[in-house]
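Residues per chain are reported as follows:
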Amino acid sequence: MLVSNGGIKKGTVQYGKADTLKVTLTNRANDTLKFSSVTLPEGAEFSSNFDLKRKLKGSEDYTFSVYYKPLQHSIDSVHIGIKSNGGDLTLSIILKVATIQEIRPISNELKI
């Protein structure tokens, strides 16, 4: 099983806004790849449309989405576990939430 991260966005996600990360899996074997489980982090920040009933024939791709809506201002590092008859796979995704650190007025006064 091969993972393409070409669809994974780099950069920041706005606090309170939802974002979608697309992940593509490719069956690198001649046998049919069957999935038995997918493990996402607990909580309301992450969800997915991964279809456990999906079967991949040799060289077939499957793209699924991971939905992320940050509930706190932080950097999230998550692990998504995928189990199949082709072995176990763990995807690590690091997401940074954009926050405003400081708002400060700028003075244009010239003092002599």
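About the criteria used
Residues numbered from 1 in each chain as written. Predicted model: local features only at pLDDT ≥ 70, side-chain atom pairs only at ≥ 80, totals over all residues. Heavy atoms only, no water. Helix = DSSP H or I, 4+ residues; strand = E, 2+ residues; numbered from the N terminus. Contact = heavy atoms within 4.5 Å. Areas by Shrake-Rupley, 256 points an atom, 1.4 Å probe, with all protein chains shown as cover. Core = buried A, V, L, I, M, F, W, Y, C linked by side-chain atoms within 4.5 Å. Buried < 20%, exposed > 50% of the residue type's maximum accessible area, 1.4 Å probe, protein only. pLDDT = per-residue confidence, 0-100. Salt bridge = Lys/Arg side-chain N within 4 Å of Asp/Glu carboxyl O. Polar contact = N/O pair within 3.5 Å; in protein donor to acceptor, adjacent residues only side chain to side chain. Pairing = 2+ DSSP bridges. Phe/Tyr/Trp six-rings, centres within 6.5 Å; stacked < 30°, edge-to-face > 60°.

1. Quick word on the overall build of the protein
Now for step 1: A tally of helices and strands in the protein yields zero helices and nine strands.
Now for step 2: Beginning at the N terminus, the succession of helices and strands in the protein can be written as β-β-β-β-β-β-β-β-β.
Now for step 3: Counting contacts in the protein only where the partners sit at least 6 residues apart, residues at least 24 apart contribute 60% of the total.
Now for step 4: When the accessible surface of the protein is totalled, it reaches about 8,000 Å², and 49% of it is carbon and sulfur.

2. Remarks on the nonpolar core
Across soluble globular proteins, you tend to see nonpolar side chains buried next to one another.
Now for step 1: Core analysis: the biggest nonpolar cluster contains 19 residues, and Leu-25, Phe-35, Phe-50, Phe-64, Ile-82 and Leu-91 have the highest contact counts within it.
Now for step 2: Listing elements by their share of this core, those giving two or more residues are strand 3 (19–26), strand 4 (33–39), strand 7 (61–68), strand 8 (75–84) and strand 9 (87–98).

3. Side note on the confidence of the model for the protein
Now for step 1: On average, residues of the protein carry a pLDDT of 75, and 71% of them reach 70 or more.
Now for step 2: Scored below 50 in pLDDT, residues 99–112 shows one contact in the model against residues more than four places distant or in partner chains.

4. Considering the pattern of salt bridges
A side chain of one charge can pair with a side chain of the opposite charge when the charged atoms of the two come close.
Now for step 1: For the coordinates displayed, the defined rule picks out one salt bridge.
Now for step 2: A salt bridge links Arg-54 to Glu-60; its shortest N-O distance comes to 3.9 Å.
Now for step 3: Since its relative accessible area comes to 29%, Glu-60 is described here as partly exposed.

5. Overview of the side chain of Asn-27
Now for step 1: Examined against the element boundaries, Asn-27 turns out to sit in the loop between strand 3 and strand 4.
Now for step 2: Polar side-chain contacts of Asn-27 include one of 2.9 Å to the backbone nitrogen of Ala-29.
Now for step 3: A polar contact is formed between the side chain of Asn-27 and the backbone oxygen of Lys-57, at a distance of 3.3 Å.
Now for step 4: In this view, Asn-27 contacts Thr-32, Leu-33, Leu-56, Lys-57, Gly-58, Ser-59 and Glu-60; residues no more than four positions away in its chain are not counted.

6. Section: the pairing of strand 7
Now for step 1: Here strand 3 pairs with strand 7 via eight bridges, running antiparallel. Paired with Lys-22 across the two strands is Ser-65, which belongs to strand 7.

7. A word on the side chain of Ser-84
Now for step 1: Residue placement: Ser-84 occurs in strand 8.
Now for step 2: Residue class for Ser-84 comes out buried when judged on its relative accessible area of 11%.
Now for step 3: One polar contact links the side chain of Ser-84 to the main-chain amide nitrogen of Gly-86, over a distance of 3.0 Å.

8. Observations concerning the packing of aromatic side chains
Now for step 1: Scanning the model with the defined rule gives six aromatic pairs in all.
Now for step 2: An angle of 40 degrees between the planes, with centres 6.4 Å apart, marks the rings of Phe-35 and Tyr-62 as tilted. Residue Phe-35 is located in strand 4, and its partner Tyr-62 is located in strand 7; the two are separated by 27 residues in the primary sequence. Residue Phe-35 shares its accessibility class with Tyr-62, and that shared class is buried.
Now for step 3: Measuring from centroid to centroid gives 4.8 Å for Phe-46 and Tyr-68, while their planes differ by 25 degrees, and the two rings are stacked. On the criterion of sequence distance, the pair formed by Phe-46 in strand 5 (residues 46–48) and Tyr-68 in strand 7 is long-range, its members being 22 residues apart.
Now for step 4: For Phe-46, a relative accessible area of 10% corresponds to the buried category.
Now for step 5: Put simply, the rings of Phe-35, Phe-50, Tyr-62 and Phe-64 touch in pairs and so form one group of aromatic residues.

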